[in-house]
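# Residue-level structure breakdown
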Amino acid sequence: MSKINGKLDSHREEPKFPIAEPHDLSPRSKWLREYYFKGAEREWNNEFMVFTTGTDWDIIWYEGDYYNAPEILYYIQILGKKDKGVFASSFRSMGIPVKLPDDFWELSLPERRMTFLEDVILNYIPQEIISENDLVAGGRFNTQLSKCFNKNESKEYWKKNIRNRDDVFKYHRSGFGNLGAIAGHIIPDYEAVVKKGFKHIYESAKESYSKLSEEEKNGPKGQELRAMIKAAEIPRKLAKKYVEECRRLKDEATTPERVEELELMAENLERVPWEPAETFWQGVQAIWLTHMLVMTEESYPGPGLSFGRTDQHLWSLYKKDVIDEKNITKEFAKDILGSFWFHCNTVYDAMIRVGKQGITSAFGQLMTLSGCGPNGEDLTNELTYTILEVIDEWSPILEPKPNVRLHRNSPDKLLDKIIEMISRSQGAPFLINFDERSIAGMVKEGISKEEAWDYACVGCLENTMQGNDRSGTVNCNPNLTKSIELTLWNGKNMPGNNLATKPSEQIGPETGEPENFETWEDFWNAWKQQIQFAIKYTVDINNLCEELRGEFLPTPYLSTIVRGCIEKGLDVRNGGPELRFITIEGVGFATTVDSLLAIKKLVYDDKKYTITQIKEALINDFKDTEVMQTFLKNKAPKYGNDDDAADELARKVMKVWADETWKYKTLTDFQYRPGMLSWNYWAGADAGFTATTPDGRKKGTFLSNAICPSNGADKWGPTAVTNSVGIVLGGKTETGEYINYLPNGASHTITFNPSILVDPEHKEKFKSYLRGYVENGGTCLQINMLDAEMLKDAQKHPENYKNLLVRVTGYNAYFTAIGRELQDEIIARESHKI
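Every value quoted in this text rests on a predicted model; they were computed, and no experiment measured them.

A few words now on the packing of aromatic side chains. A full pass over the atoms with the stated rule returns 46 aromatic pairs. Taking 5.4 Å as the distance between ring centres and 75 degrees as the angle between the ring planes, the aromatic pair formed by F280 and Y318 counts as edge-to-face. Highlighted residues: F280 in helix α11 (residues 280-298) and Y318 in helix α13 (residues 315-324), separated in sequence by 38 residues. Here the aromatic residues W31, Y35, Y36, F37, W44 and F342 are joined through ring pairs into a cluster of three or more. The ring of Y385 has K413 sitting right over it, with the charged end atom 4.3 Å from the ring centre. When the ring centre of F581 is taken as origin, the NZ or CZ atom of R673, which lies over that ring, is 5.4 Å away.

In structure tokens, the structure reads:
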């Protein structure tokens, strides 16, 4: 029995299962966390603020940022009508007109965008310190900004945008997956901001501009560099505004302690992020102000915009202030980080009225911790453990999302801390990355071993370098399973599965009617042609999106903090970074492999069924052929069981599609590369557009998740699954060197019952499992500690489990806020024991 508004509620049941709760928070951090979770009831929030040039032709919302989110495609504008659709029309009606300088329309597009951004962030968005508990300045940053097109640019942009939309929607609705040139998903050079400051960046941009010829100054390079010079001063000017606000608030402070804090905050902002940080507090402040301005410029609230190796970037400042000179206590350092945690989570305020996690979940401002150094030595430090304490004490909460790098020399102390945190969590409190396999992938894409050790992760788990790498880590998400359908129907859709194509339309290459194939090799060769076509089709459509963004949507501010852009005078979106990749993230891998295994075993090896019989069963979604469906599900080999033959075929499948990605580049010189993320595509619209498959899966049901086995297919426990994952990524050479076909990384989610960590003996076994994963597993592991019975109770009584986090794939989400089908999928996952 509980109370509502002071009255007893006899109908509401108390939760049967305990859920993870925050613990040991200081009064300051406790207040900030509780204030955040008030959500729409807060008197302050960070909702989108919308700004327009006021022209009739103005465009504010860039729909291409959301092409990889199928759940949002429904809301995108009606084809060919730019003023229709929920987001576009809403933002246009909400837009606050900005007074433009007299010469605004004489400026180049990059310069217009920076002029507009500077005016908005300094003069239209208020500078606020959230409360007397806040130690980090930088409140509102969620924006939707005018794209600052002149009339001709707007017309040309829209013509190309409609063309792209038609092609992207056809690609998606034909079951090939989803794609688009997406913002975020990058690690800016925060280390340079902390150690050198924006003054250094500003002077570098001016020097680069001074080296241009007069012709270059009047061309695109000169335009971009003038925009970068203006952009590099915006953080200093914004910090000055916050200095004024801190000193104004001193007159309203209620305690001498708060007066002193506000003065110190003002002094911090007088220095950073323009000059190098001299204290830990300044380092945190510099990172946050720099970070929030990226989100403001891109009008994209946080997804994938990640911090890199924060415990390394700030370690010398932390060591000086907390350990050596004792200028601040460890507890005060944790309060500084607590304010940082609060601000990171306000990205979700962008659409706060939709719910506490907005229209999606786990935006993925990822922070990488620990890891090895250039010689394999461990770089874990006391700041690593302090940050882990903050994560543990603030959990459950979504941001920032931590990724802990493990390797052969990771200390037992770190593993013990990880296991302690996992044992009392629901969902996964962090991702675990594995250095040796990950570094092998970075070296595969041409990064030297002398540099690759310093990689970090963005978004969900995607491996990139820091400060010089734009890897488009979620831009292309092809449904690998589509290749099975095309192979069975000679490059066409399965009858009745026409989707966005005409009946009998030839989509892929004609590889022959499979009824005429005499051997498994004939089928395998046909499949290879179809998967190669699917990758090429993905590249061709995505290139249209990349070209549109590169031409019309420059981001000069972000470009100042990505190495290579200033030196080349090129935007980060237009070939500027030193490292330039676009990742093709394969979806439905195990579904594809298991389908091939079933055909090989039951059609060609055992001759149990013919291809004709298989195709008829698929067309009818196994109606009246349930016995065949059972054979396909249970009698054919399955990936994920440490079965040599099955895993070898899976490895060949992985290598074929991964190798194909390396054949392609964009016109702006971005190299395509492979990865395996899957986000929620395996469970959402992409699964809905996928025909019945020969592994026994029915039409429209979930595909396999990233590099995980299909649900229920792994019968031999976590060690067998781990071995299979390592093998399909390439295994090791004869001399023991790691091979990694997927440099971007591969998401492996595994579920354990919480009972496995109830005593020291089982915790030691789990530690051994993690060390075994370093040797034989993949690049990234996400551990769900979940009791299926608790999840079922949460479905019945969601009001009792509002903050219950679960690991979906590369991200956590609040269990009660995701759809029923996805809830059921998580409940159905195999719960392993050690």
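Side chains of strand β9 (residues 431-434) alternate between two faces, with L431 and N433 and I432 and F434 buried alike. Two elements, strand β8 (residues 401-406) and β9, share 4 bridges in a ladder whose sense is parallel. Paired with V404 across the two strands is I432, which belongs to β9. For β9 and strand β17 (residues 780-785), the ladder comprises 2 bridges, and the chain directions are antiparallel. Opposite N433, over in β17, you have C780 as the bridge partner.

Once that is clear, we can look at unusual backbone geometry. Along the chain, V272 connects to P273 via a cis peptide bond; the corresponding omega equals 5 degrees. Within the element layout of this structure, P273 appears in the loop between α10 (256-271) and α11. Phi angles above zero are rare outside glycine, and K607 is one such case at about 55 degrees. Position of K607 among the secondary structure elements: in the loop between α23 (589-605) and α24 (611-619).

It is worth spelling out the sheet that holds strand β4 (residues 96-97) at this point. To summarise the sheet geometry, strands pair through backbone hydrogen bonds and adopt either a parallel or an antiparallel arrangement. Read across the open sheet, the 3 strands follow the order β4-β3-β5; overall the sheet is parallel. With one partner strand each, in any of the chains shown, β4 and β5 (143-145) form the two edges of the open sheet. Strand direction decides the pairing type here: strand β3 (residues 49-52) and β5, joined by 3 bridges, are parallel. In the sheet register, V50 faces β5, and the bridge partner there is Q144.

On to the side chain of E118. With respect to the helices, strands and loops of the structure, E118 is situated in helix α4 (residues 109-124). Taking the relative accessible area as the measure of exposure, E118 reaches 13% and is therefore buried.

Mean pLDDT over the protein chain works out to 92, with 95% of the residues at or above the 70 mark. Throughout residues 1-10 the model reports pLDDT below 50, and contacts reaching past four residues in sequence, or to other chains, amount to 13 contacts.

One can find T501 in the loop between α19 (482-488) and α20 (520-552). On the basis of relative accessible area, T501 is assigned to the buried category, the value being 9%. Polar side-chain contacts of T501 include one of 2.7 Å to the side chain of N493. Ignoring sequence-local partners within four residues, the contact set of T501 consists of K170, S174, N493 and I507.

Attention shifts here to α23. Helix length check: α23, at 17 residues, gives a terminal C-alpha distance of 22 Å against a target of 24 Å (1.5 Å per residue), a fit within 8%. Buried residues dominate α23, accounting for 14 of its 17 residues. Directly after α23, the chain includes K607, whose backbone phi takes a positive value near 55 degrees.

On the surface, Y74, Y75 and V86 cluster together to form a nonpolar patch covering roughly 350 Å² of accessible area. Y75 sits in the partly exposed class, given a relative accessible area of 33%.

This part is about the pairing of strand β15 (residues 671-675). Most of β15 sits out of view: 5 of its 5 residues are buried. Every second residue of β15 is oriented toward a common face, with Q671, R673 and G675 on one face and Y672 and P674 on the other, all of them buried. Sheet topology note: the strand β14 (residues 579-585)/β15 ladder contains 5 bridges and is parallel. Bridge pairing in β15 places E585 opposite G675.

Criteria and thresholds
- Residues numbered from 1 in each chain as written.
- Predicted model: local features only at pLDDT ≥ 70, side-chain atom pairs only at ≥ 80, totals over all residues.
- Heavy atoms only, no water.
- Phe/Tyr/Trp six-rings, centres within 6.5 Å; stacked < 30°, edge-to-face > 60°.
- Helix = DSSP H or I, 4+ residues; strand = E, 2+ residues; numbered from the N terminus.
- Lys NZ or Arg CZ within 6 Å of the ring centre and 35° of its normal.
- Buried < 20%, exposed > 50% of the residue type's maximum accessible area, 1.4 Å probe, protein only.
- Pairing = 2+ DSSP bridges.
- pLDDT = per-residue confidence, 0-100.
- Contact = heavy atoms within 4.5 Å.
- Polar contact = N/O pair within 3.5 Å; in protein donor to acceptor, adjacent residues only side chain to side chain.
- Expected span 1.5 Å × (residues − 1).
- Patch = residues over 30% accessible without salt bridge, like charges linked within 9 Å, V, L, I, M, F, W, Y side chains within 5 Å.
- Areas by Shrake-Rupley, 256 points an atom, 1.4 Å probe, with all protein chains shown as cover.
- Salt bridge = Lys/Arg side-chain N within 4 Å of Asp/Glu carboxyl O.

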